[in-house]
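# Residue-level structural notes
Here's the letter readout for the chains.
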Amino acid sequence: MAADQTTLDAIAGAGDLAALDAVRVRLLGKSGEVTAKLKSVGSMDADTRAAEAPKIHALREQVTAAIAERKAALEDDELERKLATERIDLSLPVPEARQGSVHPVSQVMDELAEIFADLGFSVAEGPEIESQWYNFTALNMPENHPARAMQDTFYLEPREGETEARVLRTHTSPVQIRTMERTPPPIRIIAPGRVYRSDSDATHTPMFHQIEGLVIDRNITLGHLKWTLETFLKAFFERDDVAMRMRPSYFPFTEPSAEVDVGYSIEKGRRVVGGQQGWMEVLGSGMVHPRVLANCGLDPDEWQGFAFGTGVDRLAMLKYGMDDLRAFFDGDIRWLKHYGFRALDVPTLSGGVGA
Ligand code: PHE
């Protein structure tokens, strides 16, 4: 028994999957037309059954196949329709107005990381809320040491059960201690980050950024420190005529200590790094104090090192010619547009680290 044309037309004419399913139920469902025929086989006499049963089974197969074919065709159509309507054009440009920019502090930190990575330094980090041990004591500034008064420290209310107030770190030097505690030498790290001091005028903000450098190894001398700083300053300011001088100074955690100046010249009424018309201080540095090494469990007879610290914001101002530090943290979109950097301009040594 072949399916009649009306049945086949009904299947082929089903316009979507739901309509097709309705046709399927009408033909093959529990009380469907084809199902009824199959059921009738049981009550046929033997001769009729021998003649009719194969035809009825063939009919069921034909109808089942026709439905499957229509279903596949409808699913193909559906996919085609989705592909045509849900297309996304990935080549569409991002609207200009939505472009952000990289803040000069982030830019300079990226430049520093790039320069020091080339010299074999990795980046270390530490918390901004510090214990007095890490911020002062381990750095050879015991309680009542006058040097603690050198920095205008923000102290936190001690928490329940705390015997000593924690502080907002006043410098990145505590990262020296944390690094020496956890990493066996040789050590070569830089540690950029936020620091806090109770101070505010055109060149001071209560929060600013420093970057610390630390090298610990055997037989490290002031010569290594001087070469490293010279190499860094030349790469950073991208001029070969960067002059540098070291002045004896005092930090409790280094001995001897030196402040580092760079030479500047006046170009179009502005201070520009390079030449030697005048000097300005850019860095604190020195050889890590033996007591600091011992505080971190290192034997000062075996290990030596140097450390340096400098203000990231100040470096940014010098390199890119801004004169008010407070503008760095105002979040004024016009300032960011003017002084910001393109997000995709990643500093590389080969391309020149500056933007
Ligand atoms: N921590 C010092 C400061 O904030 C800078 C410094 C770092 C000096 C490392 C010497 C060695 O002024």
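Our structure is the block above this text.
All residue numbers refer to positions counted from 1 along the written sequence of the respective chain. Under the rules for a predicted model, residues below a pLDDT of 70 receive no local features and side-chain atom pairs below 80 are neither given nor counted, while totals for whole chains, interfaces and linings still include all residues. Values shown for side chains rest on all heavy atoms present in the structure; no hydrogens or waters enter the calculation.

## Let's talk about the nonpolar core
Note on terminology: a nonpolar core comprises buried Ala, Val, Leu, Ile, Met, Phe, Trp, Tyr and Cys residues joined through side-chain atoms within 4.5 Å. Accessible area is worked out with a 1.4 Å probe on protein chains only. A residue is then buried under 20% of its type maximum, exposed over 50%, and partly exposed in between. Of all hydrophobic cores here, the largest spans 43 residues; its most connected members are Phe-232 and Leu-233. The way it works is that DSSP assigns letters per residue, a run of H or I at least four long becomes a helix, a run of E at least two long becomes a strand, and they are numbered from the N terminus. Among the elements of the structure, helix H5 (104-118), strand E5 (207-217), helix H8 (222-237), strand E7 (254-267), strand E9 (278-288), strand E10 (304-311), helix H10 (312-320) and helix H11 (333-339) are those that each provide at least two residues to this core. Discounting residues that sit within four places of it in the chain, Leu-233 has contacts with Glu-238, Val-242, Met-244, Val-260, Val-262, Val-282 and Leu-283. By size, the runner-up hydrophobic cluster in this structure holds 23 residues, among which are Ala-124, Ile-189, Ile-216 and Phe-253. Between two residues, a contact is recorded if the distance between any of their heavy atoms is within 4.5 Å.

## Focus on the site of the ligand
In the vicinity of the ligand lie 14 residues, with His-171, Ser-173, Arg-197, Gln-210 and Glu-212 positioned nearest. The term polar contact refers here to a pair of N or O atoms within 3.5 Å; inside protein, the definition further demands a hydrogen-donor-capable atom paired with an acceptor-capable atom, and it admits residues adjacent in sequence only when both atoms are side-chain atoms. In this structure, a nitrogen atom belonging to the ligand sits 3.0 Å away from a side-chain N or O atom of His-171. One of the side-chain nitrogen or oxygen atoms of Arg-197 is found 2.9 Å away from an oxygen atom of the ligand. Look at the ligand: alone it shows 320 Å² of surface, and the protein chains cover 91% of it. A pocket, in this scheme, is an open set of points on a 1 Å grid over the protein atoms alone with protein on both sides within 12 Å along at least 5 of 7 lines, while a cavity is a set where a 1.4 Å probe fits but cannot get out; residues line either one if an atom lies within 4 Å of a point. What decides whether a molecule sits in a cavity or pocket is whether more than half of its atoms lie within 2 Å of the grid points. Mapping the ligand onto the cavity grids shows that it belongs to the largest pocket. Counting only elements with at least two residues in the shell around the ligand, the list comes to E5, E9 and E10. The dominant element in the shell around the ligand, judged by the number of residues it contributes, is E10, at three residues. By residue class, the composition of the shell around the ligand is four nonpolar, eight polar and two charged. A single heavy atom is enough: if one lies within 4 Å of a molecule or strand, its residue is considered near that molecule or strand. To be clear on the numbers: accessible area is Shrake-Rupley with a 1.4 Å probe, and residue cover counts the displayed protein chains and nothing else. Residues are grouped as follows: Ala, Val, Leu, Ile, Met, Phe, Trp, Tyr, Cys and Pro are nonpolar; Asp, Glu, Lys and Arg are charged; all remaining types, including Gly, are polar.

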